[in-house]
2 protein chains.
Amino acid sequence: MAEMKWWGWGLEGAEFTHADMPGLAPFIERVLGLDVRRVTAPPPSFASLCIPDSMLPAALRSELEQTLGPDHVSMDELDRVVHGRGKSLRDLIRQRRGDLPRVPDVVVRPANEEQVAAVLRSAVTQDAVVIPFGGGSSISGSLEPAPAQTRPVISVDLSRLDAVLEVDRLSGLARVQAGVLGPALEDQLRGHGYTLGHVPDSFTHSTLGGWIATRSSGMQSDRYGDIADLTKGVRVVTPSGTLVVRPIPAMSAGPSVREMILGSEGRLGIITEATMQVRRLPEQRTILGYLFPCFADGLAAMQEIAHSECSVSVTRVSDAAETRFSFAMRQAPTLLDRVQSAALQLYLRRRLGWDVDQMCLSFIGYEGSRRHVAAQRHAVGQIVKRRGGLCIGSGPGALYDQKKFDTPYIRDFLLDRGGAGDVSETAMPWSRLWPVYEAVTSAARGAFAVLGVTGYVMCHLSHSYHVGACLYFTFAFRSGAGEDMLVQYDVVKSAIQQSFVDNGATLSHHHAVGTEHARWLEEDISGPGVAMLRALFGGTDPDGRLNPGKIV
Amino acid sequence: MAEMKWWGWGLEGAEFTHADMPGLAPFIERVLGLDVRRVTAPPPSFASLCIPDSMLPAALRSELEQTLGPDHVSMDELDRVVHGRGKSLRDLIRQRRGDLPRVPDVVVRPANEEQVAAVLRSAVTQDAVVIPFGGGSSISGSLEPAPAQTRPVISVDLSRLDAVLEVDRLSGLARVQAGVLGPALEDQLRGHGYTLGHVPDSFTHSTLGGWIATRSSGMQSDRYGDIADLTKGVRVVTPSGTLVVRPIPAMSAGPSVREMILGSEGRLGIITEATMQVRRLPEQRTILGYLFPCFADGLAAMQEIAHSECSVSVTRVSDAAETRFSFAMRQAPTLLDRVQSAALQLYLRRRLGWDVDQMCLSFIGYEGSRRHVAAQRHAVGQIVKRRGGLCIGSGPGALYDQKKFDTPYIRDFLLDRGGAGDVSETAMPWSRLWPVYEAVTSAARGAFAVLGVTGYVMCHLSHSYHVGACLYFTFAFRSGAGEDMLVQYDVVKSAIQQSFVDNGATLSHHHAVGTEHARWLEEDISGPGVAMLRALFGGTDPDGRLNPGKIV
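These numbers come from a predicted model, not from an experiment.

1. Here's the deal with the overall build of chain A
- Secondary structure summary: chain A contains 19 helices and 18 strands in total.
- For chain A, whose C-alpha radius of gyration is 24 Å, the value lies close to the compact-globule estimate of 24 Å for 552 residues.
- Along the first, second and third principal axes, the C-alpha set of chain A runs to 75 × 60 × 45 Å.
- Put simply, 77% of the contacts in chain A that link residues at least 6 apart link residues at least 24 apart.

2. Structural notes on the sheet that holds strand E15 (residues 390-393) of chain A
Residues and elements named next belong to chain A.
- An order of E15-E12-E14-E13-E17-E18-E16 is seen for the 7 strands of this open sheet, with the pairing classed as antiparallel. Since the sheet does not close on itself, it has two edges, and those belong to E15 and strand E16 (419-429), each with one partner. Taken over all neighbouring pairs, the strand axes of this sheet differ in orientation by 25° on average, direction set aside.
- Both strand E13 (residues 314-318) and strand E17 (residues 455-464) contribute to a ladder of 2 bridges, which runs antiparallel. Each residue of the ladder has a partner; that of Ser318, found in E17, is His460.
- Here helix H12 (residues 320-328) sits on the sheet and contacts E13, strand E14 (360-368) and E17; the angle it forms with E17, its principal contact strand, is near 100°.
- With respect to the sheet, helix H17 (residues 430-451) is in contact with E16, E17 and strand E18 (468-478), its orientation differing from that of E18 by roughly 10°.

3. Concerning the pairing of E17(A)
All names here are of chain A.
- Counting buried positions along E17 gives 10 out of 10 residues, so the element sits mostly inside the fold.
- For E17 and E18, the ladder comprises 9 bridges, and the chain directions are antiparallel. Opposite Val457, over in E18, you have Phe475 as the bridge partner.
- In textbook terms, the turn of a hairpin is the stretch between consecutive antiparallel strands, and for E17 and E18 this stretch comprises 3 residues.

4. Focus on helix H18 (residues 485-502) of chain B
Residues and elements named next belong to chain B.
- The end-to-end C-alpha separation of H18 is 25 Å, in line with the 26 Å expected for 18 residues at 1.5 Å each.
- Within the sequence span of H18, burial applies to Met485, Gln488, Tyr489, Val492, Lys493, Ala495, Ile496, Gln497, Ser499, Phe500 and Val501.
- Packed against the buried residues of H18 are helix H4 (89-97), strand E16 (419-429), helix H17 (430-451), strand E18 (468-478) and helix H19 (521-540).
- Two residues or fewer past H18, Gly504 is found with a positive phi of approximately 85°.

5. Remarks on the environment of A:Thr441
All names here are of chain A.
- Relative to the helices and strands, Thr441 is located in helix H17.
- For Thr441, a count of 19 C-beta atoms within 10 Å puts it in the partly exposed group.
- When the C-alpha positions of Thr441 and Phe475 are compared, they lie 9.3 Å apart, and in sequence the two are 34 residues distant.

6. Side note on unusual backbone geometry
- Positioned with a positive phi, A:Ser526 is a non-glycine residue whose angle comes to about 70°.
- The phi dihedral of B:Arg215 falls on the positive side, at around 55°, and the residue is not glycine.

7. Describing the relation of the copies chain B and chain A
- Each copy of the sequence occupies a distinct position, and chain B is placed on chain A by a rotation of 180° and an axial shift of 0.0 Å, giving an RMSD of 0.0 Å. Seen this way, the second copy is the image of the first under a two-fold rotation axis. The rotation axis passes nearest to the C-alpha of B:Leu536 in chain B, at a distance of 2.4 Å.
- Both copies contact each other with a shared surface, as 100% of the interface residues of chain B are interface residues in chain A too.

8. Considering the packing of helix H11 (residues 295-306) of chain B against helix H14 (residues 370-386) of chain B
Residues and elements named next belong to chain B.
- For the pair H11 and H14, interaxial distance at closest approach is 9 Å and the crossing angle is 145°. For the crossing formed where H11 meets H14, the hand is right-handed. Each of Ala301, Glu304 and Ile305 in H11 lies in contact with H14, whose residues at this interface are Val380, Ile383 and Val384.
- Residues belonging to the contact of H11 with H14 are distributed by class as follows: 5 nonpolar, no polar and 1 charged.

9. Looking at the packing of helix H2 (residues 58-68) of chain A against helix H5 (residues 113-125) of chain A
Residue and element names in this part refer to chain A.
- The interhelical angle for the contact between H2 and H5, taken along N-to-C directions, is 165°, at an axis separation of 10 Å. Put simply, H2 runs roughly antiparallel to H5. When the axes of H2 and H5 are compared, the crossing they make is right-handed. In contact with Leu60, Glu63, Leu64, Thr67 and Leu68 of H2, H5 contributes Gln115, Ala118, Val119 and Ser122.
- Here the contact of H2 with H5 is composed, by residue class, of 5 nonpolar, 3 polar and 1 charged.

10. Examining H14(B)
Residue and element names in this part refer to chain B.
- The first and last C-alpha atoms of H14 sit 25 Å apart over 17 residues, in line with the 24 Å expected at 1.5 Å per residue.
- Among the residues of H14, Val373, Gln376, Val380 and Val384 are the ones counted as buried. Projected down its long axis, H14 carries its buried residues within an arc of 75°, all on one side. Opposite the buried face of H14, at more than 90 degrees from it, the exposed residues are Arg371, His378, Gln382 and Arg386.
- Elements in contact with the buried residues of H14: strand E12 (284-292), H11, strand E14 (360-368) and strand E15 (390-393).
- Gly388, located one to two residues past H14, shows a positive phi value of around 80°.

11. Focus on the interface of chain B and chain A
- Each side of the interface is counted separately: chain B has 77 residues, and chain A has 77 residues.
- Breaking the side of chain B that touches chain A down by element, the ones donating at least two residues are strand E8 (231-238), strand E9 (241-245), helix H10 (258-261), E16, H17, E18 and H19 of chain B.
- Take the side of chain B that touches chain A: its biggest share by element is 16 residues, from H19(B).
- For the side of chain B that touches chain A, the per-class residue count stands at 34 nonpolar, 34 polar and 9 charged.

12. Side note on the nonpolar core
- Counting residues in hydrophobic clusters, the biggest one holds 321 residues, and the most contacted among them are A:Val130 and B:Val130.
- Apart from the residues lying within four places of it in its own chain, the contact partners of B:Val130 are B:Val119, B:Leu120, B:Ala123, B:Ile154, B:Val156, B:Ile270, B:Arg545 and B:Leu546.

13. Considerations on the pairing of E12(B)
All names here are of chain B.
- Pairing geometry for E12 and E14, over 9 bridges, is antiparallel. Bridge pairing links Gln284 to Gly368 in E14.
- Pairing analysis gives 3 bridges linking E12 to E15, with the strands arranged antiparallel. Along E15, the bridge assignment pairs Gly289 with Gly393.

14. Focus on the environment of A:Asp297
All names here are of chain A.
- Within the secondary structure, Asp297 sits in helix H11 (residues 295-306).
- Exposure remark for Asp297: the 20 C-beta atoms within 10 Å place this residue in the buried category.
- Note: C-alpha distance between Asp297 and Met359 (62 residues apart in sequence) is 9.8 Å.

15. Describing the sheet that holds strand E3 (residues 129-133) of chain A
Residues and elements named next belong to chain A.
- As summarised here, the arrangement of the 4 strands in space is E1-E2-E4-E3, forming an open sheet in which the pairing is mixed. Both edges of this open sheet fall to strand E1 (73-74) and E3, since each of them pairs with a single strand only.
- Of the pairings in the sheet, the one linking E1 to strand E2 (residues 106-108) comprises 2 bridges and is antiparallel in character. Opposite Val73, over in E2, you have Val108 as the bridge partner.

Procedures and definitions
Residues numbered from 1 in each chain as written. Chains lettered and ligands numbered in written order. Predicted model: local features only at pLDDT ≥ 70, side-chain atom pairs only at ≥ 80, totals over all residues. Helix = DSSP H or I, 4+ residues; strand = E, 2+ residues; numbered from the N terminus. Rg over C-alpha atoms; globule rule 2.2 N^0.38 Å. Contact = placed C-beta atoms within 7 Å. Pairing = 2+ DSSP bridges. Axes fitted to C-alpha atoms, helices over the stretch in contact; angles between N-to-C directions. Buried ≥ 20, exposed ≤ 12 C-beta atoms within 10 Å, placed from the backbone. Expected span 1.5 Å × (residues − 1). Least-squares fit on C-alpha atoms with pLDDT ≥ 70 in both. Left-handed = near helix turned anticlockwise from the far one by under 90°. Nonpolar A, V, L, I, M, F, W, Y, C, P; charged D, E, K, R; others polar. Parallel < 35°, antiparallel > 145°, perpendicular 65-115°, else oblique. Arc of directions from axis to C-beta. Core = buried A, V, L, I, M, F, W, Y, C linked by C-beta atoms within 7 Å.

Following this line, the structure appears as structure tokens:
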């Protein structure tokens, strides 16, 4: 089991390169004033870090070693550092700075639910704190011990619980262990002819348990549903025994305990297993590219699709700024590409009268039988046409599908070069989409201006529902010499998040609360809502041993 | 605002009659040994009841009257009795017996959220208990004060909060007050060209707030979703202020507070308003009737539809016992009816080789554009055919659609004649459907045998999901002279409920917990699940003023 880099996304050796994207360096130079050809701020060596000693009491260590075997109780420094944080920009900046006031005292890797329960019992009797760890991809601060935590901190790495235990074909249900990573899960399900269909951007480095604990959502949620829809049953090791929510399609047995586990970020226990809704692998799967004259038209088309009888798997439309970024990421064009592109531009400008700077790129996905896919493509095509858009075929969609997991690497690429980049996403009713979009982009630009930095903000709609959608914002800026990038990040990120809750949108559609978004919780779910969460957490874990300080 | 009868379902004067159903009396005579032509146990007169005096302190009364105006603070005996219970068989038996140890001390009818909040403040400062009341249709004991309750009990009737406040057409959202009854809600939405599409059997006498507080589900849930899916935002008056869950399509802001209100039965506060997903009225709406050679084939067809690309609004299939009951409910046939029916029977027996005693009646509903409806009918038709079924046209479906709200009256009709009838429903994965069906029907028959009563149990599948379905059981028996019907009811009902949880099904799919199902909660959601509910309720309402004793 290879862990992600201690300083960035993905495995050691995997990184983003602009070598085959001739347009990217000039684009970034233009929008951020950053010369990406020069690495100015590479990550430091691990040896240069000052890592706090483990505070694990000998008695607890020996108990854990007895329970799990010594091979699965790690006091290794790299292990402890990797398990102490996720991959938010805040995390990455601090890791690179060697700002490590508190890291877990031990990383344990239980093999099964019984061992998880034994670890939790040890934590209770020996007054330790437990923080569950899936793939380490959190960008909301859910994995970090409180800096002032004086009790021993155990990071419980679920990676050995990685099996699909059973597929119930009649019910379309699979019983799956919580520590399985996205690719391993889909590989196992594919063997049965099934798919979960849950594909978040973090897919390669995130786990089922992590998805459930953060209320994750994937790019195909329009068809498959969010993780909250897909999770039908769940097993959670808690201080008062194992919670068993049986797989039931819908139930009327009081407030939903299942929905309390979803998004609980370790505050209620450790998720060991879930029973997931799965679907047969589709006969056909395709993602088509579309262009719209402007973002408003693209959004209107997505709303119309959501209220129509069409059934699609992916709805995505980028604003003009993100469209320009996407085009800048294209690989070196062949002569044919150049000719086609010039012809398209000419057609758009002359024949359709488009302002190509306002043009927006969109992807719409289709899955199912050939007949179903053909019917949906046709019906969506009519809506796109009515909104002034046009289809540009399956090439761009296939490319997007191939490259979709590369995005998180760009943060490290920018950091190496003195640039800061991160994301904030939200959801809201359709009627609030445009006001939120305008408020957020203007808040981000306002923050850049206040800081005096050259910045860029871009956005796409990433998930549609009958009543609204998710808007996903990416922002980047060049941090000047002598400036504290973390302070600057806080100004931009806060402006964006504040703008969400001020405009009827949520603090996060699928990235969770952790510590990063906790300050907006009360504005999002109101004081009595926060009081209910406190009652739930406090009553379940009165001594605050389960990932304390997260969410509330 | 007319209240339901104190002793039964519906408004005074409305009742079930078998006058136009020549087959029903012989059918009931045959299966229950009950002569329905003789009313042997009519409800007593209200005047004969012994109703406990109101224990409302004068100070609290005067405070409530100041808040609401004296017209909306009722100490009337009939009002208090009607508000003290719902309409379960247990409730109806006890009402008819005049078994009224504790009824609410006062019924208040606030006009708006501010008044609800003021009532709750008065309850807190004057140490009273509040029980919210919608339409009074509960069949799980959610409305009843504990018999030993020594504090004043205020029944908060929400019937004056009955308006659709706003329709957001772009988002497909309607902001609605919680006290609106089903028909008034749909009438108001229809004026905007929209529908909620939520049609439980109790529709005519249940409210939006009640649906939310009990996790209700309606007959069209296959298309529209359960109330848990439809409720996007909610406002709840709680002891610590008004909880505001804003309408967001999906969010990742910790455990779902919205899903804590759903099914909370007044334990967390009083629901005053909700923002609901609504859809444009469909161009076409039709329910077709089908026949299957046996229940197993009917269930298999429903499962196949759920896993197909078909989209339907209603899936319903009755077992053979319920099919025979449905046929016994038919109105007097014309000569043509007789001829057609004889021809059909001949065809089924001779040509298809069916055992018509095993035959099962099914309804499948379609909604949407004409083209969509036609395509779905065709696709479903293929599945039905593969499972040996055949379509019998739109006549029976239209009749079912017309008569669907009459069923709850039959309980009173039976009680008047010494018969007991009630329902229990559940949900489970598709793979558990047949085992649960067999276990439950055999448990009910076992209970009849133990009691030595002539009884009948029948079942239909009423809602389908990708991973499973709801099975809805109806049971009836003739209670002999000198027998305690309540004790007998307990034996049968308990046998059925126990069979649910023993076989991987939930204690209720859409009828809630209340006091009636509370004893199975731990077996359903496990001890730690119950502990989480206790933590939530206890932390939110430490003094137990909000509908205490319900759910846990």
